[in-house]
Amino acid sequence: VSPPAMSRRVVRQSKFRHVFGQPVKADQMYEDIRVSKVTCDSSFCAVNPKFVAIIVESGGGGAFIVLPLAKTGRVDKNHPLVTGHTAPVLDIDWCPHNDNVIASASEDTTVMVWQIPDYVPVRNITEPVVTLEGHSKRVSIISWHPTARNVLLSAGCDNLVILWNVGTGEMLLALDDMHTDLIYNVGWNRNGSLLVTTCKDKKVRVIDPRKQQIIAEKTKPHDGTRPIRAIFVADGKIFTTGFSRMSERQLGLWDLNNFEEPIALQEMDTSNGVLLPFYDADSSIVYLCGKGDSSIRYFEITDEAPYVHYLNTYSSKEPQRGMGFMPKRGLDVSKCEIARFFKLHERKCEPIVMTVPRKSDLFQDDLYPDTPGPEPALEADEWLSGKDAEPILISLRDGYVPIKNRELKVVKKNILDSKPPPGPRRRHSTCDSDFSQPALEEVLEEIRALKETVQAQEKRISDLENKLCQFTNGTD
């Protein structure tokens, strides 16, 4: 007699079924940080293999702090900040192709791009590499293009999405007349050919930014009135979080080719914090972090029903004010770490490590397929002209070693270059006769050398200050 069908049901096989989260030890946290209290649904924290950046409280103007990853423990109250905005900073995002470059968006309507040195500077960083001005209201969202060099997206409360070429400081595209109300979030697909946006008008839109066309939209993917979030996941599917009519939190999975019906729609709980989704394409896991929640829930997305499979919940006692998500190349592969979050509390930042339990110490290639590395696959103008390219992948077999600081060079296009000035050239404006090319080179070389000396001295002063801090620790 065959056994009843129920007993034959096998538990779904997945190598991620036992992923568990664990906070780091107390001395591995970043303490004494005045995390921003601005009411804004952004994540307030951005991390990469070199640095953790956190939006902080600042009297007058807006600021964020950048800490080298290894600089854990108490943060000196005089630690330099990045201060250039004249109103609060609302969003920050590290450039995926240069770990020393970060962009910030602010209530002052501007976007600024900053070069962060590898050493801790002595004073606040006040001069951005470039300031991008084009929004008429506060800018609450920024996001770098995943594969094209120097392409940055910003979205503001003027319902406008702007794409910039950071390398020239100019606006590439402005997507206006597409959103009738406040934009909640914007996400790129894997190769950066499409955008997905959510908006207060209760629509999810999929946009081809270069054609400036909406290629699909869904009204009310979730019936509730609270904010919706949407991201691209594998195979161009879209994952959303929102609220039901009864104010229960929901998650949904959608297929672009049939946007009418969800592939999956699940109720979760009745908490009222907006769920921020973080997606890891290598494992197909979505992590949901609610602002004000004290837990991280995570799900695996597969091709078999019910398509979105609940894995587990990491729970803690303290609510999160924001969350940073480390790119794959910043993880410790020797410990089978598959995600690392940087959870913001009121006064500290606590890394939380997600691990797949494995007995072997060998490199687990099934957990770590090749992953996007720091090299861009396209230049900005190639992308703008219609080219697409998948991310350039790297192996994590021997771990990832961050690249030394590469300077972001901004070459502003000069409008005078395009049309020659009328009339004969004025004698005094040329310097060719009095000033030979070699002499110019010499002066430039001298300036370069002076620059290097100043940087070396700044580093030395910083090192000496750090040493002095260690000596005077506890004696002031």
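Residues numbered from 1 in each chain as written. Predicted model: local features only at pLDDT ≥ 70, side-chain atom pairs only at ≥ 80, totals over all residues. Heavy atoms only, no water.

- The name an unreviewed UniProt entry gives the protein is Coronin, with Vidua chalybeata as the organism.
- Under the UniProt heading Sequence similarities (unreviewed entry), the note attached to the protein is "Belongs to the WD repeat coronin family." (UniProt positions renumbered as here; feature names shortened; annotations may be inferred.)

1. Regarding the sheet that holds strand β26 (residues 295-301)
- Strands sit in the order β24-β25-β26-β27 across an open sheet of four strands; the sheet is antiparallel. Of all strands in the sheet, those with a lone pairing partner are β24 (275-280) and β27 (308-315), marking the two edges. Within this sheet the neighbouring strands show an average axis-to-axis angle of 25 degrees, counted without direction. (Pairing = 2+ DSSP bridges. Helix = DSSP H or I, 4+ residues; strand = E, 2+ residues; numbered from the N terminus. Axes fitted to C-alpha atoms, helices over the stretch in contact; angles between N-to-C directions.)

2. Quick word on unusual backbone geometry
- In the segment running from A305 into P306, the intervening peptide bond is cis, with an omega of 0 degrees.
- Mapped onto the elements of the fold, P306 is located in the loop between β26 and β27.
- Its identity is not glycine, yet K202 carries a phi of approximately 70 degrees, on the positive side.
- The class of K202 is partly exposed, set by a relative accessible area of 25%.
- Unusually for a residue other than glycine, Y307 sits at a positive phi of about 70 degrees.
- Tracing the backbone shows Y307 in the loop between β26 and β27.
- Y307 sits in the partly exposed class, given a relative accessible area of 27%. (Buried < 20%, exposed > 50% of the residue type's maximum accessible area, 1.4 Å probe, protein only.)

3. A few points about the sheet that holds strand β21 (residues 238-243)
- Read from one edge to the other, the open sheet built from four strands follows the order β20-β21-β22-β23, with strand pairing classed as antiparallel. Lying at the two open borders of the sheet, with one neighbouring strand each, are β20 (229-232) and β23 (264-267). Recorded for the sheet is a direction-independent mean angle of 15 degrees between the axes of neighbouring strands.
- Looking at chain direction, strand β22 (residues 249-254) and β23 are connected through four bridges and run antiparallel. When the bridges of β23 are listed, Q250 appears paired with E267.

4. Things to note about the pairing of β24
- For β24, the buried fraction is high: six of the six residues fall into the buried class.
- The alternating pattern of β24 places L275, P277 and Y279 on one face and L276, F278 and D280 on the opposite face, and all of these are buried.
- Taken together, the six bridges between β24 and strand β25 (residues 285-290) define a ladder with antiparallel strand orientation. Along β25, the bridge assignment pairs Y279 with V286.
- Here β24 folds back onto β25, and the loop between the two strands holds four residues, one of which, S284, carries a positive phi near 60 degrees.

5. Focus on the side chain of S143
- Considering the arrangement of structural elements, one finds S143 in strand β12 (residues 139-144).
- Within the structure, the side chain of S143 is placed 3.4 Å from the side chain of W188, a separation counted as a polar contact.
- If we ignore the near neighbours within four places in the chain, the residues touching S143 are D93, L152, L153 and W188. (Polar contact = N/O pair within 3.5 Å; in protein donor to acceptor, adjacent residues only side chain to side chain. Contact = heavy atoms within 4.5 Å.)

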